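Inside the fold
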Amino acid sequence: MTQTALVLGPSGRIGRHAAEAFAAAGWTVHRFDRARDDLMQAARKADVIVNAWNVPYSQWQSTVPGLTQQVIAAAKAGGATVIIPGNIYVFGPDMPPHIGPTTPHRSQHPLGRVRREMEAAYRDAGVATIILRAGDYLDDEASGNWFDMVLAKPVAKGRLSYPGPTDRPHAWAWLPDVAAAMVGLAERRADLPRFADIAFPGYTLTGEELAAACAAALHRPVQAKRMSWLPIYLARPFWREAKHILEMRYLWNVSHQLDGEELDRLVPDRPRTPVTSALARALQHEIDPDQSVTRRAVAI
């Protein structure tokens, strides 16, 4: 019997890949349209709800709690399992270098508290929930993430604009692989606990290692250079997102790595794209045929 996945936010970076991955695996995919669809009605036909809704940082505190309650109510009405793309904000700046299933959620900064409270709401509601927790995303098209908007902008000139010390390990995740892992977990959801918090290991790279991998992907030299945060500080009075980007600056200063042992056990056959292959695709929209930077106007 064909299963149905309801994807919220199907035009966003996570939702797009999730919809494609579930469809490729033979699922019926309903790409939710806020303009015409009713969430409660759509959820009644869903076996899985992928909550890929996302809003700008400055709107998290005002909108995420309400959106969370809507998804919880919809999941309860139809008995669906909710899949959430998790992040590492919940751990806070004192997170250990190795993040595992028992790492405590101690973040006290605003964005971290929003995520902690969101995850707790699902757990406390008793809704079947799968959190797939990953680091910063790499995408196969320009989608307004840190990599394509900041790090890779000067790559055509042989530089990687790195936001922190270039010797600190940082977690990255290739979105097509993340989406495939979501499908694998969805198909094994009957074997999971009611609230499953699972890490996606992805790639753990220092700034120097990331630059070297970019060089290997592009077949040309690339060096990591420290990014200046001064423009973001100067923009803070005029740009609402700036203070939240600065709030999360510690992620580039604190070494961290995600433990993928549980995911490997549950979905042993999941795709594991080599980092150079992922970066070659992530960088293809940064370099045009005459080796100039492709200009875009999208937001982080």
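What comes next is a walk through the structure. Everything numeric here is computed off the predicted structure, so don't read it as measured data. (Residues numbered from 1 in each chain as written. Predicted model: local features only at pLDDT ≥ 70, side-chain atom pairs only at ≥ 80, totals over all residues. Heavy atoms only, no water.)

1. Quick word on the layout of surface pockets
- Empty space within the largest pocket amounts to approximately 1,200 Å³.
- Around the largest pocket, the lining comprises 47 residues; the ones closest to its centre are Arg-13, Asn-54, Val-55, Tyr-57 and Trp-60.
- For the lining of the largest pocket, the secondary structure elements donating two or more residues are α1 (13-24), α3 (60-78), β4 (81-86), α4 (110-125), β7 (136-138) and β9 (170-174).
- Among the elements that line the lining of the largest pocket, the one with the most residues is α3, at four residues.
- As a volume, the second largest pocket reaches approximately 160 Å³.
- Together, eleven residues line the second largest pocket, and Val-150, Met-227, Ser-228, Pro-231 and Ile-232 are the ones closest to its centre.
- Contributions of two or more residues to the lining of the second largest pocket are made by α5 (146-151) and α8 (230-235). (1 Å grid on protein atoms, 1.4 Å probe; cavity = no way out; pocket = protein on both sides within 12 Å on 5 of 7 lines; lining within 4 Å. Points joined across faces, edges and corners; volume = space filled by probe spheres on them. Helix = DSSP H or I, 4+ residues; strand = E, 2+ residues; numbered from the N terminus.)

2. Some remarks on the environment of Asp-197
- The residue Asp-197 is located in strand β10 (residues 195-199) in this model.
- When its relative accessible area of 28% is taken as the criterion, Asp-197 is described as partly exposed.
- Spatially, the C-alpha atom of Asp-197 lies 8.3 Å from that of Thr-129, the residues being 68 residues apart in sequence.
- Setting aside residues up to four positions removed in sequence, Asp-197 forms contacts with His-105, Ile-131 and Arg-133. (Buried < 20%, exposed > 50% of the residue type's maximum accessible area, 1.4 Å probe, protein only. Contact = heavy atoms within 4.5 Å.)

3. Some remarks on unusual backbone geometry
- One non-glycine residue, His-219, adopts positive backbone phi at about 60 degrees.
- Considering the arrangement of structural elements, one finds His-219 in the loop between α7 (207-218) and β12 (223-226).
- Judged by its relative accessible area of 72%, His-219 falls in the exposed class.

4. Notes on helix α11 (residues 275-283)
- Taken residue by residue, α11 has Ala-278, Leu-279, Ala-282 and Leu-283 as its buried positions. Viewed along the axis of α11, the buried residues span an arc of 125 degrees, placing them on a single side of the element.
- Buried-residue contacts for α11 involve β7, α5, β9, β11 (203-205) and α7. (Arc of directions from axis to C-beta.)

5. Considerations on the nonpolar core
- With 74 residues, the main nonpolar core has Leu-6, Ile-49, Phe-147, Leu-151, Trp-172, Leu-210 and Leu-279 as its most contacted residues.
- Within the second largest apolar cluster, 33 residues are counted, among which are Ala-18, Val-48, Val-178 and Leu-263. (Core = buried A, V, L, I, M, F, W, Y, C linked by side-chain atoms within 4.5 Å.)

6. Concerning the packing of α3 against α4
- As a packed pair, α3 and α4 sit with axes 10 Å apart at the nearest point and diverge in direction by 15 degrees. Judged on the interaxial angle alone, α4 and α3 are roughly parallel. The interaxial crossing formed by α3 with α4 has right-handed handedness. Counted together, Trp-60, Gln-61, Val-64, Thr-68, Gln-69, Val-71, Ile-72 and Lys-76 of α3 and Pro-110, Leu-111, Val-114, Arg-115, Met-118, Ala-121, Tyr-122 and Ala-125 of α4 form the full contact between these two elements. (Axes fitted to C-alpha atoms, helices over the stretch in contact; angles between N-to-C directions. Parallel < 35°, antiparallel > 145°, perpendicular 65-115°, else oblique. Left-handed = near helix turned anticlockwise from the far one by under 90°.)

7. Side note on the sheet that holds β10
- If you trace the six strands from one edge of the open sheet to the other, you get β2-β1-β3-β4-β6-β10, paired in parallel fashion. Bordering the open sheet on either side are β2 (28-31) and β10, each of which pairs with just one other strand. In this sheet, adjacent strand axes meet at a mean angle of 20 degrees when their direction is disregarded.
- α3 contacts β1 (4-8), β3 (48-51) and β4 of the sheet and is inclined by roughly 170 degrees relative to β3.
- Its contacts with the sheet put helix α6 (residues 175-187) on β3, β4, β6 (129-133) and β10, and the angle it makes with β6 is roughly 155 degrees. (Pairing = 2+ DSSP bridges.)

8. What about a nonpolar patch on the surface?
- The grouping of Leu-230, Tyr-233 and Leu-234 at the surface amounts to a nonpolar patch, some 320 Å² of accessible area in total.
- Inspection of the secondary structure puts Leu-230 in helix α8. (Patch = residues over 30% accessible without salt bridge, like charges linked within 9 Å, V, L, I, M, F, W, Y side chains within 5 Å. Areas by Shrake-Rupley, 256 points an atom, 1.4 Å probe, with all protein chains shown as cover. Salt bridge = Lys/Arg side-chain N within 4 Å of Asp/Glu carboxyl O.)

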